[in-house]
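Residue-level listing of the chains:
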Amino acid sequence: WLFDEGGGTAWDYSGHGNHGKLSGARHEAGKFGMSLSFDGVDDIVNCGNAEILHPKLGTLTAWISPESDDADEHSAATLPYDDGDEWDYPFRTLGLGVHEGRPRFSITIFAINWARNSGELATDDWTHVAITFDGVNDAQYVNGELVHNDPNATGFLGHGKPRSTFVIGGRS
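Bear in mind the structure is a predicted one, so any value in this text is a computation, not a measurement.

Moving on: the pattern of salt bridges. One pass over the structure, following the stated rule, counts one salt bridge. Between R26 and E28 there is a salt bridge, with its nearest N and O atoms 3.8 Å apart. We classify E28 as partly exposed; its relative accessible area is 32%.

So, on to the environment of T59. By the element assignment, T59 lies in strand β6 (residues 58-64). According to the relative accessible area criterion, T59 is exposed, its value standing at 52%. In the structure, T59 is positioned 74 residues away from F133 in sequence and 6.3 Å away in space, judged by C-alpha atoms. Residues within four places of T59 in sequence aside, it is in contact with L94, I131 and T132. There is a polar contact of 2.7 Å between the side chain of T59 and the side chain of T132.

On the surface, L2, W11 and Y13 cluster together to form a nonpolar patch covering roughly 340 Å² of accessible area. Here Y13 is to be found in the loop between β1 (9-10) and β2 (20-23).

Take unusual backbone geometry next. In this structure, F3 is a non-glycine residue whose phi angle is positive, near 65°. Relative to the elements of secondary structure, F3 occurs in the segment before β1. Its relative accessible area of 16% is what places F3 among the buried residues. With a phi close to 50°, N143 is a non-glycine residue in the positive phi region. Along the polypeptide, N143 turns up in the loop between β12 (138-142) and β13 (145-150).

For the structure shown, the criterion picks out one aromatic pair. With centroids separated by 5.6 Å and ring planes inclined at 70°, the aromatic side chains of F32 and W63 adopt a geometry described as edge-to-face. With F32 in the loop between β3 (26-29) and β4 (34-37) and W63 in strand β6, the pair connects residues that are 31 residues apart, well separated along the chain. By relative accessible area, which is 58% here, F32 ends up exposed. Its relative accessible area of 36% is what places W63 among the partly exposed residues.

Looking now at the pairing of β12. The buried count for β12 comes to four of five residues, which makes it a mostly enclosed element. Direction of pairing for strand β11 (residues 127-133) relative to β12: antiparallel, over a ladder of five bridges. Bridge pairing in β12 places V129 opposite V142. Between the antiparallel neighbours β11 and β12 lie four residues, among them G135 with a positive phi of about 100°. Pairing between β12 and β13: five bridges, direction antiparallel. By the bridge assignment for β13, V142 is matched with E145. Counting the residues in the hairpin turn of β12 and β13 gives two residues, including N143, whose phi is positive at 50°.

How each quantity is defined
- Residues numbered from 1 in each chain as written.
- Predicted model: local features only at pLDDT ≥ 70, side-chain atom pairs only at ≥ 80, totals over all residues.
- Heavy atoms only, no water.
- Salt bridge = Lys/Arg side-chain N within 4 Å of Asp/Glu carboxyl O.
- Buried < 20%, exposed > 50% of the residue type's maximum accessible area, 1.4 Å probe, protein only.
- Helix = DSSP H or I, 4+ residues; strand = E, 2+ residues; numbered from the N terminus.
- Contact = heavy atoms within 4.5 Å.
- Polar contact = N/O pair within 3.5 Å; in protein donor to acceptor, adjacent residues only side chain to side chain.
- Patch = residues over 30% accessible without salt bridge, like charges linked within 9 Å, V, L, I, M, F, W, Y side chains within 5 Å.
- Areas by Shrake-Rupley, 256 points an atom, 1.4 Å probe, with all protein chains shown as cover.
- Phe/Tyr/Trp six-rings, centres within 6.5 Å; stacked < 30°, edge-to-face > 60°.
- Pairing = 2+ DSSP bridges.

Structure, rendered in structure tokens:
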């Protein structure tokens, strides 16, 4: 998703057809071309619930530019899962966001959830964040620098069945 389209759709350029529907998010100048601006409350891009959006291994990346360093947690991108229980919030197989002015990384491996704040963020500046899991290593990056690595994170992503859609933006 490049977010260069304008209008109410974020096109999936991977060829899998998981185009996102914008709800509240607005286009503005980004790090490269256009980006989306979210209100941190309920602006989202809903990319659907296709099987390909529920990986067992993978990498999630985003360019983020927070407007403030408030203490609330805001999601940049989330792959939520659950086991059918009533939970107060969605656990994430992989998640990227902002919490207390720092990058927030979330991962669930075999029903064990971790969330870490690692690295630093400057407000109104672009930062590249990434989380990757290869079945053994859980690695997290800020601007290409490794900020956390767990070489003993053996397993598969997920906890139960897919709970909802792949969402960009929103608030957890």
